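# Notes for the structure review
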Amino acid sequence: MDKFVIKGGRRLSGEVTISGAKNAVVAILPAVILSDEPCIIENVPDISDVRIGLKILREIGAEVTNMGNYTYKIDPTKICRFCVPYESAKKMRASYYFLGALLGKYNRARVSMPGGCPLGARPIDQHLKAFSLLGADYNLSQGMIDLKAEQLTGNQIFFDVVTVGATMNAMLAGVKAKGLTVIENAAKEPHIVDLANFLNSMGANIMGAGTDVIKIRGVEHLHGTDYSVVPDQIEAGTFMIAAAATKGDVTLKNVIPKHLESITKKLEKIGVNVEEFDDSVRVWVEQGAPLVKVNVKTSPHPGFPTDMQPQIATLLTLADGTSIITESIWDKRFGYVDELRRMGADITVNGSVALIEGTGKLNGAPVKACDLRAGAALIIAGLAANGVTEIEDIFHIERGYDSMEVKLRQIGADIEKVSEPEELQTALERNNIPENAEAV
Ligand code: EPU
């Protein structure tokens, strides 16, 4: 089991390059299935969710070639299986995009049901509603979702909630459906626009992505393309907050400043400086300037992203005053709070609201990441804390951040990834021996 060991208290400064977006690439990889020719995908982040997506593509018969420099060639022309089994699907929730892509191309798909997750219930009723409205029958049994259609036909799809996943899946299934598909109350996140841009670059006819009404005119064939994945808004936001929490001065390269607006606005209210350039942003805190409280409510794009909530909460533990955070997307996104308390944070959670009493400082401690963004928040806490922080279960972090510790070291952090031999760990757990016990 790997862990991060961070010696806190170092001011971050310098330049860091942001990778391609996890939440775009996990849909773009399955979307390649829809093409009748090979595609080249650039700016693919080196994260475990990508490795799982590529493995699933290989398992169903696609030919995947790593061309180096974060670029993959994917040839979908020999796909011969339409099933994603539990063993692969359980490792990546976004495997549900294989449903829309396989259905859209072959009129059938069989994918293991995505289970619950640390963020709370994650229903897929809206995905199934979209598939049904496009003409597919679905059957749920033995943990699998089976989809079949004679022919997919465009329809009007109104989502009861704003959902990223179901909007993406409706686009994947609708892109080759006969006639016009209209998606209403669609999600507007940058990754929705990126998937639409990718599909359009293959010859699809999708209009309105980025607004709440998306119109898709079905086409018969999609051709190969060479496409570069959009920069990761959440990775960028995480580094912005790491810079702020260490009162540093960091320039992020390969970003789209417009995508960071809701994060930038909150940071400015807290007392952090943000300067935007064409494809970079500089984030810094003036020497001696205080960080001050702010209230944050998460909401779908262009609101403040839920995927940045744990990170900004961590920053607010270092600010003066009482901040209120309201989480409106996920029931269980305060799982990191107990860990931050171990580091000295004063946070009270009541349902979907957290009250943060800024104490101005955190102390290093052993902590555990309970999900991806919780893990990112603990890294930020460790960087700002006095003393040493050890973060366990970093596999959560590696699902979505490419070389986090390497990038942080480039801007001055003292962070190491440490591997603990499996046998030693089991022996320690079996005998309940504290890891720092002295040999006698
Ligand atoms: N919802 C339903 N029914 C559905 C689908 C969603 O009720 O059929 C509800 C959910 O329970 C939730 C809300 O709608 O309350 C929004 O869910 P959404 O479908 O937008 O979430 P998702 O597509 O499963 C993606 C990201 C998440 C991110 C959310 C919200 C990917 C792979 N995941 O999840 O990212 O939090 O959108 O922006 O794109 C992360 O990266 O850390 C992460 C969890």
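The rules behind each value
Residues numbered from 1 in each chain as written. Predicted model: local features only at pLDDT ≥ 70, side-chain atom pairs only at ≥ 80, totals over all residues. Heavy atoms only, no water. Near = heavy atom within 4 Å. Polar contact = N/O pair within 3.5 Å; in protein donor to acceptor, adjacent residues only side chain to side chain. Areas by Shrake-Rupley, 256 points an atom, 1.4 Å probe, with all protein chains shown as cover. Helix = DSSP H or I, 4+ residues; strand = E, 2+ residues; numbered from the N terminus. Nonpolar A, V, L, I, M, F, W, Y, C, P; charged D, E, K, R; others polar. Domains from an automatic or database assignment. pLDDT = per-residue confidence, 0-100. Contact = heavy atoms within 4.5 Å. Phe/Tyr/Trp six-rings, centres within 6.5 Å; stacked < 30°, edge-to-face > 60°. Buried < 20%, exposed > 50% of the residue type's maximum accessible area, 1.4 Å probe, protein only.

## Quick word on the site of the ligand
Around the ligand sit 25 residues in total, of which Gln126, Thr163, Val164, Asp307 and Arg373 are the nearest. One of the side-chain nitrogen or oxygen atoms of Lys22 is found 3.3 Å away from an oxygen atom of the ligand. At 2.9 Å from an oxygen atom of the ligand is found a side-chain nitrogen or oxygen belonging to Tyr96. Expressed as a share of its isolated accessible area of 830 Å², the protein-covered part of the ligand is 87%. Counting residues per element, the ones that place at least two in the shell around the ligand are helix H1 (22–31), helix H5 (125–133), helix H6 (164–174) and helix H12 (372–384). Of the residues contributing to the shell around the ligand, the split by class is 13 nonpolar, six polar and six charged. A domain-level breakdown of the shell around the ligand finds at least three residues from each of domain 1 (2–19 + 231–430) and domain 2 (22–217).

## Things to note about the confidence of the model for the protein chain
Residues of the protein chain with pLDDT of at least 70 account for 95%, and the chain-wide mean is 94. Residue range residues 430–440 is modelled with pLDDT below 50. Its contacts to residues more than four positions away, or to other chains, number four contacts.

## Focus: the packing of aromatic side chains
Under the defined criterion, the tally for this structure stands at four aromatic pairs. Ring centres of Tyr96 and Tyr97 lie 5.0 Å apart, and the angle between their planes is 85°; this geometry places the pair in the edge-to-face category. We classify Tyr96 as buried; its relative accessible area is 11%. Overall, the relative accessible area of 4% leaves Tyr97 in the buried class. Residues Phe334 and Tyr336 carry aromatic rings whose centres are separated by 6.3 Å and whose planes lie at 50° to one another, so their mutual orientation is tilted. Looking at Phe334, the relative accessible area reads 12%, which means it is buried.

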